[in-house]
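# Close look at the chain arrangement
Okay, here's what each chain looks like letter by letter:
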Amino acid sequence: MARYRSGRINEEMKKELASLVMTDIRDPRLTAMVSITEVEVTKDLSYAKVYVSIFGTEKEKADSLEAIKNASSFLRREIGRRMNLRHTPELVIMLDTTIDRGMHIDDLIRQISTDKDDKNGTR
């Protein structure tokens, strides 16, 4: 039962944070496309790891991540207002690189595939 509740809290917080990042953060450094990929709240609701995927150049990624980290107290306050929780967790913003790693692995597979085709003389 507790696992189901934490899953609901994670998903609701993810939805609210995504909405807040898209509409309410007015930081000029936030230029890249930002997506909240996952939220993991501890059982005691003291911390929430917020995984953020950022698309853009390395400078845009760094600037956008810094802007979101600087807005974490604002995000926490708004989450506290929007969600009915006994305790609003402290947000720990983390960069999610799984999409970048997946694209890199895909590129490696394609490269191996074309190298194999070149050796076999097929294309």
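Our subject is the structure that appears above.
Below is a summary of the structure that appears in this document. By convention here, each chain's residues receive numbers from 1 onward along its written sequence. In keeping with the model being predicted, local features are shown solely for residues with a pLDDT of at least 70 and side-chain atom pairs are shown and tallied solely at 80 or more, while totals for entire chains, interfaces and linings include all residues. To obtain the side-chain values, all non-hydrogen atoms of the structure were used and water was disregarded.

A separate point is the overall build of the protein chain. Only DSSP runs of H or I reaching four residues or more are called helices, and only runs of E reaching two or more are called strands; each is numbered from the N terminus. Summing up its helical and strand segments, the protein chain has 4 helices and 3 strands in all. Throughout, the radius of gyration refers to the C-alpha atoms, and the reference size of a globule is 2.2 Å times the residue count to the power 0.38. Relative to the compact-globule value of 14 Å for 123 residues, the protein chain shows a C-alpha radius of gyration of 19 Å, a clear excess of over 25%. C-alpha extents for the protein chain along the principal axes are approximately 65 × 40 × 20 Å. In the protein chain, the share of contacts with a sequence separation of at least 24, taken over all contacts with a separation of at least 6, comes to 63%. Of the roughly 8500 Å² that the protein chain leaves accessible, carbon and sulfur atoms contribute 52%. Within this scheme the basic residues Lys and Arg register as positive and the acidic residues Asp and Glu register as negative, but His and the chain ends are omitted. Charge positions come from single atoms, namely NZ of Lys, CZ of Arg, CG of Asp or CD of Glu. Side chains of the protein chain carry 22 positive and 21 negative charges; the gap between the two charge centres is 6 Å. Should any heavy atoms of two residues lie within 4.5 Å, those residues are considered in contact. Surface accessibility in these figures is a Shrake-Rupley result with a 1.4 Å probe; residues are shielded only by whichever protein chains are displayed.

One way to put it is that helix H2 (residues 58-70) packs onto helix H3 (residues 72-82) with a least axis distance of 4 Å and a crossing angle of 50 degrees. Viewed along their axes, H2 and H3 adopt a mutual orientation that is oblique. From H2, Ile68, Lys69 and Asn70 reach across to H3, where they touch Ser72, Ser73 and Leu75. We call Asp, Glu, Lys and Arg charged. Ala, Val, Leu, Ile, Met, Phe, Trp, Tyr, Cys and Pro are nonpolar, and the rest, Gly among them, are polar. Taken together, the residues of the contact of H2 with H3 sort by class into 2 nonpolar, 3 polar and 1 charged. Axis definition: a line fitted to C-alpha atoms, limited for helices to the stretch in contact. Angles are taken between N-to-C directions and run from 0 to 180 degrees. Just so you know how the angles are binned, under 35 degrees is roughly parallel, over 145 roughly antiparallel, 65 to 115 roughly perpendicular, and the rest oblique.

This part is about the pairing of strand E2 (residues 47-55). Alignment of strand E1 (residues 33-41) against E2, held across 8 bridges, turns out to be antiparallel. By the bridge assignment, Ile36 is partnered in E2 with Val52. By definition, two strands form a pair when at least two bridges between them are found by DSSP. Adjacent in sequence and paired antiparallel, E1 and E2 are bridged by 5 residues, among which Leu45 carries a positive phi angle near 60 degrees. Taken together, the 6 bridges between E2 and strand E3 (residues 90-95) define a ladder with parallel strand orientation. Following the sheet pairing, Tyr47 is matched in E3 by Glu90.

Before going further, it helps to examine a nonpolar patch on the surface. Taken together, the side chains of Tyr47, Val92 and Met94 make up a nonpolar region of the molecular surface, amounting to roughly 230 Å² of accessible area. By the secondary structure assignment, Met94 is in strand E3. The patch calculation keeps residues exceeding 30% relative accessible area without a salt bridge and links them within 9 Å when they carry like charges or within 5 Å when they are nonpolar (Val, Leu, Ile, Met, Phe, Trp, Tyr). Here, a salt bridge means any side-chain nitrogen of Lys or Arg that lies within 4 Å of a carboxyl oxygen of Asp or Glu.

What follows is about the nonpolar core. Soluble, globular proteins show a tendency: their nonpolar side chains are buried together. Ranked by size, the top nonpolar core spans 27 residues in total, and within it Met13, Leu17, Val39, Val50, Val52 and Leu91 carry the most contacts. Listing elements by their share of this core, those giving two or more residues are helix H1 (2-23), E1, E2, H2, H3 and E3. The element that contributes the greatest number of residues to this core is H1, accounting for 5 residues. Residue contacts for Leu91: discarding those within four places in its chain leaves Met13, Leu17, Ala48, Val50, Ser72, Leu75 and Arg76. For our purposes a nonpolar core is just a set of buried Ala, Val, Leu, Ile, Met, Phe, Trp, Tyr and Cys residues, chained together by side-chain atoms within 4.5 Å. Exposure is judged per residue with a 1.4 Å probe applied to protein chains only, and the accessible area is read against the type maximum: over 50% gives exposed, under 20% gives buried, and values in between give partly exposed.

Further remarks concern H3. Looking at H3, one finds that the buried residues are Ser72, Leu75, Glu78 and Ile79. Projection of H3 onto a plane perpendicular to its axis shows the buried side chains occupying an angular sector of 125 degrees, all on one side. Turned more than 90 degrees off the buried face of H3, the exposed positions are Ser73 and Arg81. An arc is given here, and it is the one of the directions from the helix axis to the C-beta atoms.

In short, the description is geometric, and any link to function would need to be established separately.
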